[in-house]
Amino acid sequence: MRRFVTNYLANRPEADIAEIVVSELATNAIRHSRSGGAGGRFGVTVHAGRDLLILAVLDEGGPSSPHLQQVDEHELNGRGLHLVDQLTTRWGVHGDEHGRTVWALLPFAPETPAT
């Protein structure tokens, strides 16, 4: 899924950040939803507009909704959505315990015309 995103974005400067964001969202889908169980699945959607990139991960839902947690400096987990929050313009969740999409928006830097 990371390779898919970086290939999709080709040589865009945002490719590295998009790779990190989609990796964090997919990791959360696997760790915190039914997508991580036996036979579970998740999907990744990437849409590049002129000025904005939309990254979304659809999971199979679970008992809790994704949210920012208080980070314990001694704990290794619980930082993924904080990273997504810092790297993107906005993120959110649509859906419920039966299935949801966690999405993030990443602005594109203006392209410089080829000379």
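Here, every reference points to the structure presented above.
Residues numbered from 1 in each chain as written. Predicted model: local features only at pLDDT ≥ 70, side-chain atom pairs only at ≥ 80, totals over all residues. Heavy atoms only, no water.

A. Molecular detail of a nonpolar patch on the surface. On the surface, Met 1, Ile 30 and Phe 42 cluster together into a nonpolar patch covering about 240 Å² of accessible area. Position of Met 1 among the secondary structure elements: in the segment before α1 (2-9). (Patch = residues over 30% accessible without salt bridge, like charges linked within 9 Å, V, L, I, M, F, W, Y side chains within 5 Å. Areas by Shrake-Rupley, 256 points an atom, 1.4 Å probe, with all protein chains shown as cover. Salt bridge = Lys/Arg side-chain N within 4 Å of Asp/Glu carboxyl O. Helix = DSSP H or I, 4+ residues; strand = E, 2+ residues; numbered from the N terminus.)

B. Representation of the pattern of salt bridges in the model. In this structure the tally under the stated criterion is four salt bridges. For Arg 12, the salt bridge identified is with Glu 14, shortest N-O distance 3.2 Å. According to the relative accessible area criterion, Arg 12 is buried, its value standing at 17%. Taking the shortest distance from any N to any O, the salt bridge between Arg 41 and Glu 60 comes out at 3.9 Å. Of this pair, Arg 41 sits in the loop between α2 (15-32) and β1 (43-48) while Glu 60 sits in the loop between β2 (52-59) and α3 (80-87), and the two are 19 residues apart along the sequence. Using a relative accessible area of 62% as the deciding quantity, one classes Arg 41 as exposed. (Buried < 20%, exposed > 50% of the residue type's maximum accessible area, 1.4 Å probe, protein only.)

C. Representation of the nonpolar core. With 19 residues, the main nonpolar core has Leu 9, Ala 18, Leu 25, Leu 53 and Val 84 as its most contacted residues. Every element with two or more residues in this core is listed here: α1, α2, β2, α3 and β4 (99-107). Among the elements that make up this core, the one with the highest residue count is α2 (six residues). Apart from residues lying up to four places away in sequence, Leu 9 is in contact with Glu 14, Ala 15, Ala 18, Leu 53 and Phe 108. (Core = buried A, V, L, I, M, F, W, Y, C linked by side-chain atoms within 4.5 Å. Contact = heavy atoms within 4.5 Å.)

D. Seen up close, α3. Along α3, the positions that sit buried rather than exposed are Gly 80, Leu 81 and Val 84. Buried residues of α3, seen end-on, are gathered within an arc of 90° and therefore sit on one face of the element. Against α2, β3 (90-96) and β4 lie the buried residues of α3. (Arc of directions from axis to C-beta.)

E. Molecular detail of unusual backbone geometry. For Ala 10, which is not glycine, the phi dihedral falls at a positive 50°. As for its position among the elements, Ala 10 is in the loop between α1 and α2.

F. Highlighting the pairing of β1. Examined bridge by bridge, β1 and β2 share six bridges and lie antiparallel to one another. Across the sheet, Val 46 pairs through a bridge with Leu 55, a residue of β2. Between β1 and β2, which pair antiparallel in sequence order, lie three residues. (Pairing = 2+ DSSP bridges.)

G. Structural view of the pairing of β4. The sheet contact formed by β2 and β4 spans eight bridges and is antiparallel. For Leu 53, the partnering residue across the bridge sits in β4 and is Leu 106. The sheet contact formed by β3 and β4 spans seven bridges and is antiparallel. Within the sheet, the bridge partner assigned to Val 93 lies in β4 and is Val 102. In this structure, the hairpin formed by β3 and β4 is closed by a connection of two residues.

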